[in-house]
There are 2 protein chains.
Amino acid sequence: MVNLRKLVLLTAALAITANVFAVESLEDVMKRRGLTEKNVLAAAKTYVPTGGRDEYIAFSSGGQSGHVLVYGIPSMRILKYIAVFTPEPWQGYGFDDESKAVLAEGKIQGKDINYGDTHHPALSETDGKYDGKFLFINDKANPRIAVIDLHDFETKQIVVNPVFKSSHGGAFVTENTEYIIEAAQYPAPFENEYVPLEKFNERYRGGMTYWKFDRKIGRIDASKSFTVMAPPYSQDLSDFGKGPSSGWSFTNSFCSERYVGGIMQNKPPFEAGCSAKDTDFLHVVNWKKAAELVAAGKATKINGHNVITIETAVKEGIIFLIPEPKSPHGVDVSPDGKYLIVSGKLDSHASVFSFAKIQAAIQSGSFEGKDNYGIPIIKMQDALHLQVQVGLGPLHTQYDSKKCVVYTSIYVDSQVTKWDYCEGKVLDKISIHYNIGHLMTMQGDSVEPEGKYLVALNKLAIDRFNPVGPLHPQNHQLIDISGDKMELLYDMPLPLGEPHYAVAINAKTLKPGVRYRSGWNSRTDKKSKFKTRAGREKIVRTPGKVEVFGTTIRSHITPEIIEVTEGDEVELHFTNLERAEDETHGFAMYGQNVNLSLEPGKTVSTTFIADKAGVYPYYCTEFCSALHLEMEGYLLVKPKDYNDDTKKSSVGATYTKADYEKQVKENIATQAIIDQVVGIILGQNYKDFPPVVALVEDAVDQLGFAKEAKAKADAAAAKEDWQNATLWAGQWWQYQVKAADIGLRAKTYLEQHGAVKLDKK
Amino acid sequence: MVNLRKLVLLTAALAITANVFAVESLEDVMKRRGLTEKNVLAAAKTYVPTGGRDEYIAFSSGGQSGHVLVYGIPSMRILKYIAVFTPEPWQGYGFDDESKAVLAEGKIQGKDINYGDTHHPALSETDGKYDGKFLFINDKANPRIAVIDLHDFETKQIVVNPVFKSSHGGAFVTENTEYIIEAAQYPAPFENEYVPLEKFNERYRGGMTYWKFDRKIGRIDASKSFTVMAPPYSQDLSDFGKGPSSGWSFTNSFCSERYVGGIMQNKPPFEAGCSAKDTDFLHVVNWKKAAELVAAGKATKINGHNVITIETAVKEGIIFLIPEPKSPHGVDVSPDGKYLIVSGKLDSHASVFSFAKIQAAIQSGSFEGKDNYGIPIIKMQDALHLQVQVGLGPLHTQYDSKKCVVYTSIYVDSQVTKWDYCEGKVLDKISIHYNIGHLMTMQGDSVEPEGKYLVALNKLAIDRFNPVGPLHPQNHQLIDISGDKMELLYDMPLPLGEPHYAVAINAKTLKPGVRYRSGWNSRTDKKSKFKTRAGREKIVRTPGKVEVFGTTIRSHITPEIIEVTEGDEVELHFTNLERAEDETHGFAMYGQNVNLSLEPGKTVSTTFIADKAGVYPYYCTEFCSALHLEMEGYLLVKPKDYNDDTKKSSVGATYTKADYEKQVKENIATQAIIDQVVGIILGQNYKDFPPVVALVEDAVDQLGFAKEAKAKADAAAAKEDWQNATLWAGQWWQYQVKAADIGLRAKTYLEQHGAVKLDKK
């Protein structure tokens with residue numbers, strides 16, 4: 001029926017003639033689409049052709065979606081949403097038992113939390129450089145930090161802040177990722193108890209938590225982490241020192257007025273009272289010494305966690321305050337660690353503080369006084385390098401690869417200001433659309449900023465995109481910063497979540513894997529105890545419980561029939577036997593809220609109570625092969641008292657010797673075609689193309705399976721069991737079709753990537 | 001402190017000189033980035049400049065993410081993920097009580113299902129044309145249909161199929177959206193009970209459900225819906241007739257072998273037994289007559305739902321079968337309703353059936369026989385217009401605007417074949433990357449296909465993008481079909497979910513709203529009974545329960561303090577008072593899994609038990625204004641036995657007459673600047689720019705609020721209450737800052753959109 005030979009040749013012929021015909025000229029297209037020359041230039045600067053690679057990979061918080069999103073620069077194409085604090089079924093996150101265990105780590109005082117308000121992603125660093133190994137991100141609403149491994153882009157751990165009730169200033173890492181900082185936001189009692197707002201000044205507290213990261217195991221070690229308590233100012237963003245400022249951290253704050261508002265309490269709202277003073281406080285903390293104090297037993301245990309009280313911190317000289325202009329947002333340390341830039345969002349200046357000057361002030365012991373909690377206050381002028389008027393509502397600053405050049409986001413003006421922080425002069429401004437929050441340059445918060453591009457993370461999209469209802473996408477605008485003038489290149493809508501901050505890494509630094517070792521629990525990064533090998537699938541029954549050790553491979557789930565009794569606890573464990581890249585299988589079951597994702601090599605589990613008798617189909621949810629729809633099965637839940645009276649089953653279609661012989665003939669013809677495709681591939685320098693090498697491996701696997709099915713067909717035929725002989729011969733053909741599919745993909749790849757015949761080489 | 005005047009002028013000066021400098025030439029960029037001329041042409045064909053609009057809007061299933069995704073064509077930028085079957089916190093979906101009620105409609109036999117495997121979106125039609133009003137989508141795993149209103153891009157309703165345990169062939173609509181079809185997939189008993197697989201042929205059934213859509217209320221009417229039962233073949237995709245074939249529906253099937261596999265049962269897997277025969281069956285159903293039969297009382301009630309049994313359907317002559325080649329996937333009716341094209345995925349042909357021939361066969365009563373269930377089988381040759389060899393693994397077909405031209409997705413070959421279904425000849429082929437499932441032309445399944453673009457929904461991305469771990473994005477490839485030869489334009493990674501099918505509508509047809517009427521329950525599309533007006537906020541206490549009727553507006557939540565007692569049930573209702581487009585507020589609370597999204601005008605609610613004494617900060621999660629971080633509050637949960645001994649509170653910062661006067665001076669200076677910006681705007685033809693008109697309205701609102709705050713400040717000052725006078729003067733300034741922010745956005749817009757001074761007009 002299938003004339004494979006003719007088709008293969010036809011396909012090749014068409015491919016050759018495909019690009020001969022005349023097409024619309026660039027001028028025609030510009031005219032038709034109303035594009036300017038500047039537009040075409042921007043298009044050319046951002047377009048990545050098929051199969052091409054982006055230069056940078058950005059990791060952006062997904063705001064209250066609870067996810068992290070990953071996109072390429074300059075194409076601004078979103079490559080992945082990584083589920084972090086929110087269950088996400090495509091990834092099976094929060095559906096398989098393995099990832100449920102990660103989410104369960106994030107319970108707040110025993111309660112499940114099914115979202116997060118992700119804010120600030122941080123890439124792991126080695127010597128202050130991004131190393132591409134881990135990503136950390138905080139949840140503002142429920143103060144937590146998550147650890148994502150960039151080997152597989154999966155969330156591995158969630159830690160709950162044991163003392164805060166809100167956090168904002170995290171995650172930021174030390175130069176060698178020894179610690180991850182998380183600063184509080186809205187003050188609250190450290191204890192998990194009620195304290196009236198009347199005791200706000202006495203009992204509500206802020207602080208900075210330093211989470212210890214254990215690089216060897218790729219997890220945070222909560223037992224070695226600690227918090228430096230701070231007054232009930234609303235701590236905001238943080239950054240770690242580096243180079244000369246190594247060992248120190250910086251956290252700013254707003255509402256140092258310690259105002260508690262409430263229109264229904266006949267008081268102006270928080271926004272009025274929290275913005276009354278002209279300055280707030282930058283917290284300067286010697287975290288290295290703080291860690292030593294903890295090691296020396298000088299911490300107090302609160303909720304079982306090490307806390308350095310304000311009193312101890314002051315006594316030991318590890319905390320200082322510096323006034324900073326009105327309601328600041330960002331604090332950003334320069335790549336050389338010598339300066340830090342803060343901006344008061346109700347001020348129009350960016351303020352550059354000198355770390356050397358801060359140290360000199362501390363050494364001299366010359367302070368302007370102490371705050372109400374006894375913390376020494378360094379005079380602003382003593383610490384200040386310079387101030388520059390950058391615009392209305394300045395928020396955050398990012399560093400260029402060019403010396404002294406920085407970019408500050410200007411919220412109220414809806415602009416980005418490029419300026420020189422050494423000399424203190426504005427260099428350029430560009431309008432963005434609209435109301436920028438954070439901004440990001442390439443590797444802009446590492447010791448190796450690479451310049452080139454800047455992304456403005458804009459809050460209000462309004463008229464930028466085709467309308468999609470009252471809830472708008474936000475807008476990340478890509479700006480070319482390679483020249484003297486900033487040039488707007490691209491508007492990228494954000495389809496899900498409200499990103500706060502993003503970090504971008506040179507794509508070459510990332511080296512993710514494409515498959516797991518067989519039988520892998522990806523959440524613990526250990527071999528799963530439920531790993532199941534091909535042919536070793538089993539169903540284990542104990543009273544009240546049925547445990548299934550199953551497998552998936554193109555295109556069947558083993559077992560395809562699972563029988564249990566009403567009320568049984570059912571535990572399903574599946575291992576994806578595939579070795580081929582991208583051959584993920586899914587597993588969804590009717591009515592049981594069961595949905596799993598099995599990337600190649602992964603083992604995942606799900607547990608549920610089969611509390612209602614009935615028939616529950618299940619199937620693979622990923623279009624894994626031509627026979628994907630047939631990758632199905634049934635869970636049968638029998639009533640407890642069911643009397644199995646009809647074990648005689650009627651058969652659907654039946655097959656004869658003629659059917660068997662027809663199928664075998666088809667298979668032999670198909671094999672000849674496969675051999676032909678294989679010949680074409682092997683006759684070329686396919687080994688120079690790693691994706692093709694992987695495809696050939698996969699095809700060889702499939703042909704191995706075909707051989708096994710053929711053996712079963714032969715055995716049945718020898719017994720003149722034409723029913724099973726025909727069906728196994730069909731299965732043999734199924735594997736051939738898979739091999740042919742892979743072979744054709746490889747052949748196309750070689751055609752399109754300039755492979756040459758070996759004898760012409 | 002803020003020298004607004006100077007800044008406004010500086011900004012203007014920089015904007016004027018911004019584009020004078022020389023930039024990299026197109027040739028430079030091509031050389032640097034390794035782009036060919038063809039690449040640049042593709043870039044120019046797909047790039048949408050800032051503020052531009054896409055020509056088409058695509059709605060794509062999000063696969064097992066449970067969402068629908070919305071993207072623009074040709075830019076391929078994703079504009080929104082619409083949450084449908086899966087809770088999604090950014091949208092508050094599954095977090096507010098209003099949307100929880102929608103999700104609760106989707107329970108399966110009483111169980112919460114927190115995901116869906118979305119497959120086929122369908123746009124509502126009027127006279128067979130897309131009308132841009134509604135979108136429907138099915139869940140394969142748990143047979144359900146969801147209704148999305150395209151006024152606000154929100155999910156409004158979920159209906160559960162009362163008889164199926166799996167579905168695939170939905171959603172597709174009739175020409176005037178009277179009905180939405182949902183066909184079963186894996187056969188199962190219609191009753192919710194256990195039936196052993198031995199009775200597969202006797203008791204397991206498939207079918208087609210016809211959901212009645214009530215356009216007036218925009219909801220499905222389950223009571224007027226019905227199912228036509230079918231044999232236990234695995235029904236697959238469906239389509240409705242139109243024009244001459246109006247009143248009929250077509251559903252194909254695979255596994256008409258009725259095979260039940262299982263390697264652990266010593267049988268070949270489903271994939272072998274389900275692909276043994278050379279043909280399966282296309283179901284041809286007269287749904288109009290079926291509806292009449294239901295109205296005439298000829299349906300049987302199963303699970304309270306109207307079912308037309310196979311026996312009745314055969315007796316009444318409303319169901320017929322036609323053999324179709326091996327394991328078909330798509331069935332697609334031509335725009336004129338005269339033909340339907342099916343493809344067997346294990347065949348190499350597309351088969352074009354003629355509706356006229358089918359009718360002639362039915363009229364003549366000449367059948368090749370009946371299936372095991374008594375359904376008449378029309379001879380394939382009697383129904384066939386022609387067959388064309390299109391490639392290996394043909395799946396789906398979409399129609400061009402050009403007469404007789406169609407495109408078929410070829411899974412195994414990884415190609416799209418363009419062919420002529422009138423004459424039966426192949427016109428062109430293009431290789432895609434890789435393994436295409438569905439494909440989509442613009443309005444390709446309406447009576448008005450517009451051609452131009454085709455999107456290939458590819459399953460395996462493998463080497464197409466920067467690697468992001470073992471779980472790859474899929475790849476939607478945009479292909480230019482305006483010329484004779486298909487031209488690949490763009491590779492779009494899918495960052496979340498595995499889309500199956502997509503539909504694209506001319507963007508001009510969509511007219512979504514940008515805000516709700518004040519106090520709106522968007523899920524019922526009625527005024528919320530919890531609507532709260534400004535100044536009418538209240539806390540209602542009854543024993544064991546606290547109900548809060550609150551509001552949000554830039555930048556405060558009212559109430560800002562909520563006190564309850566441990567164990568209270570807390571009901572929060574918030575109305576977003578904003579009228580400005582895009583001024584969405586969020587509401588997140590620590591530790592209670594509370595997370596809401598409030599688009600302008602919306603009222604949403606959340607209910608929880610405050611079961612643990614403590615302090616629970618809450619805040620706005622959308623960066624709504626410069627003072628967004630200060631949009632905060634506290635829920636205080638008192639222990640039951642708490643003895644409130646310390647009502648005397650210590651104050652943070654205190655203010656004097658001098659502070660008040662300083663603030664007033666600042667406010668007067670700020671007002672002068674606002675007046676200047678307002679003068680610039682009003683001096684231009686701003687009324688020609690609707691977004692600016694909206695911004696001006698919003699600014700006027702803010703200045704009205706400023707006036708109210710000023711009155712309070714004046715009143716406090718009159719009483720020499722300098723604390724409150726200063727704070728209210730601060731609040732007055734806050735509103736000024738918001739007005740200035742809006743004004744600057746409007747000014748920038750006018751500058752960039754060629755506004756002219758009125759006197760120059």
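Residues numbered from 1 in each chain as written. Chains lettered and ligands numbered in written order. Predicted model: local features only at pLDDT ≥ 70, side-chain atom pairs only at ≥ 80, totals over all residues.

Visitor: So what exactly am I meant to see when it comes to the environment of A290 of chain B here?
Guide: Residues and elements named next belong to chain B. Structurally, A290 is set in helix α7 (residues 287–295). Taking the C-alpha atoms as reference, A290 lies 9.8 Å from T312; in sequence the two are 22 residues apart. With sequence-adjacent residues up to four places away left out, A290 is seen in contact with Y210, F226, V228, V285, I308 and I318. (Helix = DSSP H or I, 4+ residues; strand = E, 2+ residues; numbered from the N terminus. Contact = placed C-beta atoms within 7 Å.)

Visitor: Explain the sheet that holds strand β27 (residues 425–431) of chain A here, please?
Guide: Within a beta sheet, neighbouring strands are joined by backbone hydrogen bonds and run either parallel or antiparallel to one another. Residues and elements named next belong to chain A. The strand order across the open sheet formed by 4 strands is β24-β25-β26-β27, and the pairing between neighbours is antiparallel. Both outer strands of the open sheet, β24 (394–399) and β27, are each paired with one neighbouring strand and no more. Neighbouring strand axes in the sheet, compared pairwise and without regard to direction, differ in orientation by 25° on average. In the sheet, strand β25 (residues 405–410) pairs with strand β26 (residues 415–420) via 6 bridges, with the strands oriented antiparallel. (Pairing = 2+ DSSP bridges. Axes fitted to C-alpha atoms, helices over the stretch in contact; angles between N-to-C directions.)

Visitor: Honestly, the relation of the copies chain A and chain B in this entry has me stumped. Any pointers?
Guide: Look at the two chain copies: a rotation about an axis and a shift along it is all it takes to match them. Of the two same-sequence chains, chain A is brought onto chain B (RMSD 0.1 Å, axial shift 0.0 Å) by a rotation of 180°. Taken together, the rotation and translation relating the two chain copies correspond to the operation of a two-fold axis. The position closest to the rotation axis in chain A is occupied by the C-alpha of A43 of chain A, lying 2.8 Å away. Comparing interface residues between copies, 99% of those in chain A also sit at the interface in chain B, which points to an isologous, same-surface contact. (Least-squares fit on C-alpha atoms with pLDDT ≥ 70 in both.)

Visitor: For this particular structure, what's the right way to read the sheet that holds strand β43 (residues 614–619) of chain B?
Guide: Residues and elements named next belong to chain B. Strand order in the open sheet formed by 5 strands is β38-β44-β43-β40-β41, and the pairing between neighbours is mixed. Only two strands of the sheet have a single neighbouring strand rather than two, namely β38 (561–565) and β41 (594–598). Strand-to-strand twist of the sheet, defined as the mean angle between neighbouring strand axes without regard to direction, takes the value 15°. Note: strand β40 (residues 585–589) against β43, 2 bridges, orientation antiparallel. Bridge assignment links M589 to a residue of β43, and that residue is Y618.

Visitor: In this structure, what is going on with the packing of helix α11 (residues 657–682) of chain A against helix α13 (residues 722–752) of chain A? I would like to understand it.
Guide: The axes of two packed helices give the description: the angle between them and the distance between them. Residues and elements named next belong to chain A. In the contact formed by α11 and α13, the axes pass within 9 Å of each other and the chain directions differ by 20°. Between α11 and α13, the interaxial angle falls into the category roughly parallel. For the element pair α11 and α13, the recorded crossing hand is left-handed. Class assignment for the residues of the contact of α11 with α13 results in 18 nonpolar, 8 polar and 4 charged. (Parallel < 35°, antiparallel > 145°, perpendicular 65-115°, else oblique. Left-handed = near helix turned anticlockwise from the far one by under 90°. Nonpolar A, V, L, I, M, F, W, Y, C, P; charged D, E, K, R; others polar.)

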